[in-house]
Amino acid sequence: MPAADTVLTGARVRTLDPARPEAGAVALAGGLVVAVGHGSDVRDWRGPGTRVIDLGGATLTPGLTDAHSHPVWGIEMSTGADLTAVRDLDQLRAALRAAPRTGGWVLGWGLDHNAFGGRPVHRDLIEDSLGGAPAFLRLYDGHSALAGGPALAAAGITGPRAFAQRSEIVCDADGAPTGHLIEHAAMALVGALAPTPPPAERRARLVELLSAMAATGLTGAHVMDLGDGDVPALLSTVEYEGHLPLRLRLAPWCMPGADEDTLAELIGLQGQRGRHWQVGGVKLFMDGSVEGGTAWLQHADCHGQGTEAFWPDPEAYSRAVRLLDAAGVRTATHAIGDAAVRHVLDTVASLGPRARMRHRIEHIETVPDDQLARFAEIGVIASMQPPHTAYTRADHTDEWSKRLGDERAGRAWRCRDLRDAGAVLALGSDWPIAHHDARQVLATALRPRGAASGGRALTGLMALEGMTSHAALAAGEEAVAGRIAPGLRADLTAFTVDPVTAGPDELAQAPVRLTVSGGRITHGEP
């Protein structure tokens, strides 16, 4: 019997494996779990070179996976001033006056729509704080931005434009651009001109970020983009120089207008991999964001917006999903509004039983009662991000709730309702839209915030499953991950508290004792 690389003892092991729900020790070798039991069960796996770690009563679980994140593209998205703490226009102007100039630009990210106090997003509100510098400020939702006058001029934006996807250059009554850019195609006109980190800095920031994520217990992430196309080379370079602290599964985007050649390229990317990353799946968009007026709703929002899909021809989306499914490619579709969710469910239902558990819907911010049971019936995975609720308010005075109205805002982030309806529910952060701290994801699932605070919370076990066993199901990796059992990946998280029984406040602040990804310790014991 070969000796284990590492033996973990002195723990309460929550395996999430029905065959053996609890244990006290785990042995690891070659990146896999090789034994699960108690101290005496793994004694024979010890050899002269085996590292034995006593976890001192910590609770050991399957490694946490963030089921929706943007750690690579997010390096660019989070360049510049961190505006996540800005709550009003005075704070915004002060932050912009103090912001560093990056290549002569003022860049910012994480700006809450609520900071404008109900006023339309307009460059006139910030120009006096910029000293004439071009500015590009990303709003928190990742689907809209505010550009200053010099930045608009540099991009040649003088009025409205037509796009192949649902995007808008917002203009005033005279046809002049306000600086508010809604959705990817419009944002890219200015974003492509803004300074970006050089390659060496990008690599260093990525490793730093992934290490910080590992310190919160994360062992992996489902990455919902493939960035600008050079991400495989970036990740390969990081692995050439060292190791990725997290296991990454990346899903390139499929945007409106994708033809058969584009779809064939996306299919061809599947399975491209390194030691600790791989391309797996395709990300699509059925709508945008509530605050930007681009969530696809059954009935218009309070501004008369939200009645159109991100794909101008929704049936073209369905054709793309059918082609991808026929090629064996899993899909993840961004769908926030009730009409968007319904269309994705209808599309997957049309694929028949073979499509069960192969397709997922991301975000699902508001969904009516009659759609809840369909997730389990059709076999569509729900992927949700509890920290998003922090951008809303319980009294519905926030921009998200005001746009939807009380009835739809009262159906906010129905994680527990979906679980009770039998759905597989994967949980994530959507970093940099919300903080990447996995403990915050779990804690907010236990105590929803804002507009979701009136709904029912997940249990501790449900929340843990959302970042372990259900996350594995969402990636089609349930045979190799999401549980602690012999032969499965050695991805493990050790908490100083029991995440199943701890309260949300305790869990949110609890130190992580140890994080292991692929058998390598990425946080904790050296």
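Just so it is clear, the model here is predicted, and its values are computed rather than measured.

1. Considerations on empty space enclosed by the protein
Gaps between atoms show up when a probe of the same size as a water molecule is rolled over them. Throughout the structure, instances matching the rule amount to six cavities of 30 Å³ or more. Of the voids in this model, the largest cavity is the one considered here, and its volume is about 220 Å³. Listing elements by their share of the lining of the largest cavity, those giving two or more residues are α2 (73–77) and β20 (282–285). Class assignment for the residues of the lining of the largest cavity results in nine nonpolar, ten polar and five charged. For the second largest cavity, the calculated volume is near 130 Å³. M224, R249, G280, G281 and R360 are the residues nearest the centre of the second largest cavity, which is lined by 15 residues in total. Of all the secondary structure elements, the ones that give two or more residues to the lining of the second largest cavity are β16 (218–223), β17 (247–250) and β21 (331–335). In terms of residue class, the lining of the second largest cavity is made up of eight nonpolar, four polar and three charged.

2. With respect to the packing of helix α6 (residues 199–214) against helix α7 (residues 231–241)
Taken N-terminus to C-terminus, the directions of α6 and α7 make an angle of 70°; their axes are 11 Å apart at the nearest point. Relative to α7, the element α6 lies roughly perpendicular. Note on element contacts: α7 touches α6 through V231, L234, L235, T237, V238 and E241, opposite R202, R203, L206 and V207. Split into classes, the residues belonging to the contact of α6 with α7 amount to six nonpolar, one polar and three charged.

Cut-offs and rules
Residues numbered from 1 in each chain as written. Predicted model: local features only at pLDDT ≥ 70, side-chain atom pairs only at ≥ 80, totals over all residues. Heavy atoms only, no water. 1 Å grid on protein atoms, 1.4 Å probe; cavity = no way out; pocket = protein on both sides within 12 Å on 5 of 7 lines; lining within 4 Å. Points joined across faces, edges and corners; volume = space filled by probe spheres on them. Helix = DSSP H or I, 4+ residues; strand = E, 2+ residues; numbered from the N terminus. Nonpolar A, V, L, I, M, F, W, Y, C, P; charged D, E, K, R; others polar. Axes fitted to C-alpha atoms, helices over the stretch in contact; angles between N-to-C directions. Parallel < 35°, antiparallel > 145°, perpendicular 65-115°, else oblique. Contact = heavy atoms within 4.5 Å.

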